[in-house]
Amino acid sequence: MQLFPAIDLRGGQVVRLTQGDYDRMTVYGQDPCAQARSFVAAGAKNLHVVDLDGAKDGTLSNYDTIAALAKQGGLYIEVGGGIRTEERIEKYLSLGVGRCILGSVAVTDFAFTARMLQKYGDKIAVGVDAKDGYVAIHGWKEVSAEPGVAFCKRLAEAGCTAIIYTDIACDGAMQGTNLSLYRQLAAEVPGVAFTASGGISSEAELLELQQMGTAAAILGKSLYTGALGLSNITKVRKRPMVLAAGALSIVLAIWLYNNFCNWLTILNATLPPIGVIIVVDFFRHRDRYMSDDVKLRTVNWGSIAGVVGGALVGNLLHWGISAVNAMIAAVICYFIAEIVYNKKQA
């Protein structure tokens, strides 16, 4: 699943709105390019940019800022907000922007949207912003009569392959995103790459979105307030400290056996790094252990139980080689699970 840290622009500043309300705006920075560089330093590969002025009144007042972000490089950029003509699509794509997001115009001029989808393909995504289940337009100031999920189905039939869906009630509220909605979209609108947007505030939510097949997630206020650390999220797949601790315990056990043939010593030597594995893994990734996803929770607790069980049996019964084999097998199984899990996330 791709991650898109967000930069919302108003008057050239980095801002965030709460539930789309322009009167509830917080300014987080005066330099969007510096903010983008900080995202790159934290491991980001993508950037979601919204021209809030354009979304509200159709102006191009933030065009120079977006041009500067594109020129700076280092990120795949998607841009939305006030894109209602092919001329504007061309202007943004000519800057090197990866794709343009059509919002209000997708509702007010569906025929135009269908033509742009056919002409530009994956250079176009559609932003569907829903309020109480119905599509909102013009900077979320007006609510249409069309249900959001039904509109997504209509877009898919028109050839849309990428939809950014925002539940306005969740956006900027830091109360969690609408996970049930994204499950519904995955089930009812197959073949479309959905980006989850609005309210994502924990790693557990990101993991659940990934498990249900969500293509991408947009992170906004959770990054600016520090609720989520981008560097931690982007590196969660690698987990080098945990893998190194597991490898160390296995290598140390083999080395001690070959040199001293003392199985009890091996048991005592391997327990500390195994303990490190368990403690570090739990405290760095506890969202996985507390996840609402039963399968994810079971895999994590089960792997820990295997490591602890092998060590406990060996120490209680002093079964020499059997105890060591049980511990090593448990550790190996744990890291096989880690490798498989990491490959699925890549």
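Everything quoted here is computed from the prediction, not taken from an experiment. (Residues numbered from 1 in each chain as written. Predicted model: local features only at pLDDT ≥ 70, side-chain atom pairs only at ≥ 80, totals over all residues. Heavy atoms only, no water.)

Caption draft 1: Representation of the packing of aromatic side chains in the model. In total, this model carries five aromatic pairs according to the counting rule given. Counting every residue linked through ring pairs, the aromatic cluster contains Tyr 28, Phe 39 and Tyr 224. Just above the ring of Tyr 63 sits the side chain of Lys 91; from NZ or CZ to the centre is 4.6 Å. In this structure, Arg 154 packs its charged tip against the face of Phe 110, placed 4.2 Å from the ring centre. (Phe/Tyr/Trp six-rings, centres within 6.5 Å; stacked < 30°, edge-to-face > 60°. Lys NZ or Arg CZ within 6 Å of the ring centre and 35° of its normal.)

Caption draft 2: Examining the packing of helix α1 (residues 32-41) against helix α3 (residues 63-72) more closely. Remark: α1 packs on α3, axes separated minimally by 9 Å, with the N-to-C direction vectors making an angle of 35 degrees. Classified by chirality, the crossing of α3 by α1 is right-handed. Residue-level inspection shows Pro 32, Cys 33, Ala 36 and Arg 37 of α1 in contact with α3, the latter providing Thr 65, Ala 68, Leu 69 and Gln 72. Taken together, the residues of the contact of α1 with α3 sort by class into five nonpolar, two polar and one charged. (Axes fitted to C-alpha atoms, helices over the stretch in contact; angles between N-to-C directions. Helix = DSSP H or I, 4+ residues; strand = E, 2+ residues; numbered from the N terminus. Left-handed = near helix turned anticlockwise from the far one by under 90°. Contact = heavy atoms within 4.5 Å. Nonpolar A, V, L, I, M, F, W, Y, C, P; charged D, E, K, R; others polar.)

Caption draft 3: Structural context of the pattern of salt bridges. By the definition in use, this model includes seven salt bridges. Asp 53 is the salt-bridge partner of Arg 10, the closest N and O atoms lying 3.7 Å from each other. Highlighted residues: Arg 10 in strand β1 (residues 2-10) and Asp 53 in helix α2 (residues 52-57), separated in sequence by 43 residues. With a relative accessible area of 12%, Asp 53 lands in the buried category. In this structure, Glu 208 and Arg 183 form a salt bridge, with 3.2 Å as the shortest nitrogen-oxygen distance. Of this pair, Glu 208 sits in helix α9 (residues 203-211) while Arg 183 sits in helix α8 (residues 179-188), and the two are 25 residues apart along the sequence. Residue classification places Arg 183 among the partly exposed residues on the basis of a relative accessible area of 41%. (Salt bridge = Lys/Arg side-chain N within 4 Å of Asp/Glu carboxyl O. Buried < 20%, exposed > 50% of the residue type's maximum accessible area, 1.4 Å probe, protein only.)

Scope: geometric values only; no functional claims are made or implied.
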